[in-house]
Amino acid sequence: MPGNTFGHTFRITTAGESHGRANIVIVDGCPPNLPLTEADLQPDLDRRRPGQSKITTQRNEPDTAQILSGTFEGRTTGTPIAILIPNADARSADYSQIKDKYRPGHADYTFDAKFGFRDYRGGGRSSARETTARVAAGAIAKKILATKGIRITAYVKQIGHLIADIPDPTAVTLEQVESNIVRCPDQQLVQQMIELIEQLRRDGDSIGGAAEIVATNTPPGLGEPVFDKLKADLAKALFSLPAVMAVEYGAGFAVATTKGSDNNDLFTTQYEKIVTKTNNHGGMLGGISSGMPIILRAAVKPTSSLPREQPTVTTQGQPTTISTKGRHDPCLLPRFIPMAEAMTALTLTDHLLRHQAQNPSP
Ligand SMILES: Cc1cc2nc3c(=O)[nH]c(=O)nc-3n(C[C@H](O)[C@H](O)[C@H](O)COP(=O)(O)O)c2cc1C
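Cut-offs used in this document
Residues numbered from 1 in each chain as written. Predicted model: local features only at pLDDT ≥ 70, side-chain atom pairs only at ≥ 80, totals over all residues. Heavy atoms only, no water. Helix = DSSP H or I, 4+ residues; strand = E, 2+ residues; numbered from the N terminus. Rg over C-alpha atoms; globule rule 2.2 N^0.38 Å. Buried < 20%, exposed > 50% of the residue type's maximum accessible area, 1.4 Å probe, protein only. Contact = heavy atoms within 4.5 Å. Areas by Shrake-Rupley, 256 points an atom, 1.4 Å probe, with all protein chains shown as cover. Lys, Arg positive; Asp, Glu negative; His and termini not counted. Charge placed at Lys NZ, Arg CZ, Asp CG, Glu CD. 1 Å grid on protein atoms, 1.4 Å probe; cavity = no way out; pocket = protein on both sides within 12 Å on 5 of 7 lines; lining within 4 Å. Points joined across faces, edges and corners; volume = space filled by probe spheres on them. Nonpolar A, V, L, I, M, F, W, Y, C, P; charged D, E, K, R; others polar. Polar contact = N/O pair within 3.5 Å; in protein donor to acceptor, adjacent residues only side chain to side chain. Near = heavy atom within 4 Å. Patch = residues over 30% accessible without salt bridge, like charges linked within 9 Å, V, L, I, M, F, W, Y side chains within 5 Å. Salt bridge = Lys/Arg side-chain N within 4 Å of Asp/Glu carboxyl O.

A. Expanded view of the overall build of the chain. A tally of regular secondary structure across the chain gives eight helices and 18 strands. Computed over C-alpha atoms, the radius of gyration of the chain comes to 21 Å, within 12% of the 21 Å expected from 2.2 N^0.38 for 362 residues, which places it in the range of a compact globule. With the principal axes as the frame, the chain shows a C-alpha extent of 65 × 50 × 40 Å. The buried share of the chain, taken over its 362 residues, is 50%. Counting contacts in the chain only where the partners sit at least 6 residues apart, residues at least 24 apart contribute 71% of the total. On the chain, roughly 16800 Å² of surface is accessible, and the fraction owed to carbon and sulfur atoms is 54%. Looking at charge distribution, the chain has the averaged site of its 39 positive side-chain charges lying 3 Å from that of its 37 negative ones.

Have a look at this one:
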């Protein structure tokens, strides 16, 4: 199974399954001398962790990271950093009744069609549990970006029909995002969002939504002009997360109905720097960062594993019904937020280090 590595100069490789012994990441290319201990990884792992609130899955994983290599006396050495996150609360028996059935909307059928087998216990490698490894690596990437003043914040923009009003995405703080269990900075909507999620859980159903991700203080010049455009790599980063169905940046799909004269972001200068008056381009032009805030959105589908009964087929193609007894999030968005931040941080760090390697002076 190839395809477990992401990035070029700053590169991660992950291994592990939902109901295996652990998830693992090897981070290659981290600069030496960065202060780093497990305490730096834990806050984002805690934000990703299952069982964190009444609106997430009740699987209860401590997700305690262990750094096995690549640091000495609390600093990175420049050698590969291996991180281990053990699985503690897998209940594989919950999945035995779906062993011979395909869950609609999940990776069961395609995994089987490709490999001729599937780990039915929690989805194996297609489970979002794999993202523990990415979130741990993303915490390192965020620390590297912070040395340049670059900050990444993601939050819930939409749950079902409820759309948050965020007048200035660049002003949203981590404290605002973490002030409620949905991770939505629009306090007016939080209670309605929680009630909607709880209602769908009671109905044996689930609900989709969208996240917005903002990177501020990104210097101009990150990204390569052709295949490795920053917008392409960020899209790949977000699409590589489970359940992501659409990614847009800046004005996004709205450009389809916009005139050029309205869409163009006009250049001006501010404190002797070239900036644009508006940010329809979402901080990237020609696949290269412009220095304006990078603004992305990802639409995340409703959880496919449902306690309510749905028609499906057996692995032999016979009609049957399925209801999933395992523990699942009724809405993926609250726990998706740290994952989206991690993938954005990994991509920006990779491009930052690539840019520095090619252009050491700027
Ligand atoms: C935070 C998060 C948690 C998830 N938890 C579940 C879950 O408990 N049950 C489930 O069926 N899918 C869950 N998923 C989604 C599946 O992993 C995903 O839908 C599946 O692998 C199929 O991939 P695709 O939706 O990208 O096609 C989760 C996704 C995210 C982002």
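B. Representation of empty space enclosed by the protein in the model. Tallied over the entire structure, the rule returns two cavities of 30 Å³ or more. If you add up the space inside the largest cavity, you get close to 40 Å³. Every residue lining the largest cavity is listed: Arg103, Pro104, Ser304, Ser305, Leu306, Arg308, Gln310, Ile322 and Thr324. Looking at the lining of the largest cavity residue by residue, the class counts come to three nonpolar, four polar and two charged. When its volume is computed, the second largest cavity comes out at roughly 30 Å³. Around the second largest cavity sit Arg103, Ala107, Asp108, Phe111, Arg118, Asp119, Gly123 and Ser126, which together line it. When its residues are assigned to classes, the lining of the second largest cavity shows two nonpolar, two polar and four charged.

C. Region of interest: the side chain of Arg103. Tracing the chain through its elements places Arg103 in the loop between strand E7 (81-86) and helix H2 (108-115). Of the polar contacts made by the side chain of Arg103, one reaches the side chain of Ser305; its length is 2.9 Å. Beyond its immediate chain neighbours, meaning those up to four positions away, Arg103 contacts Tyr95, Ile98, Asp108, Gly123, Ser305, Ile322, Thr324 and His328.

D. Up close: the site of the ligand. Near the ligand, the surroundings consist of 16 residues, among which Ser126, Ala243, Lys301, Ser305 and His328 are the closest. One nitrogen or oxygen atom from the side chain of His106 is found 3.4 Å from an oxygen atom belonging to the ligand. For the ligand, whose accessible area on its own is 630 Å², the fraction buried by protein is 84%. Of the residues contributing to the shell around the ligand, the split by class is seven nonpolar, six polar and three charged.

E. Structural context of a nonpolar patch on the surface. On the surface, a cluster of nonpolar side chains totalling about 310 Å² of accessible area is made up of Met1, Phe115 and Phe117. Relative to the assigned elements, Met1 resides in the segment before strand E1 (5-6).

F. Structural detail: unusual backbone geometry. For Asp63, which is not glycine, the phi dihedral falls at a positive 50°. The topology assignment puts Asp63 in the loop between helix H1 (38-48) and strand E4 (66-67). By relative accessible area, which is 0% here, Asp63 ends up buried.

G. Region of interest: the environment of Asp28. Of note, Asp28 is situated in strand E3 (residues 22-28). In sequence terms Asp28 and Ile150 are 122 residues apart; their C-alpha atoms lie 21 Å from each other. The contact partners of Asp28, leaving out residues within four places of it in the chain, are Thr9, Phe10, Arg11 and Pro80.

Any functional reading would require information that these geometric values do not contain.
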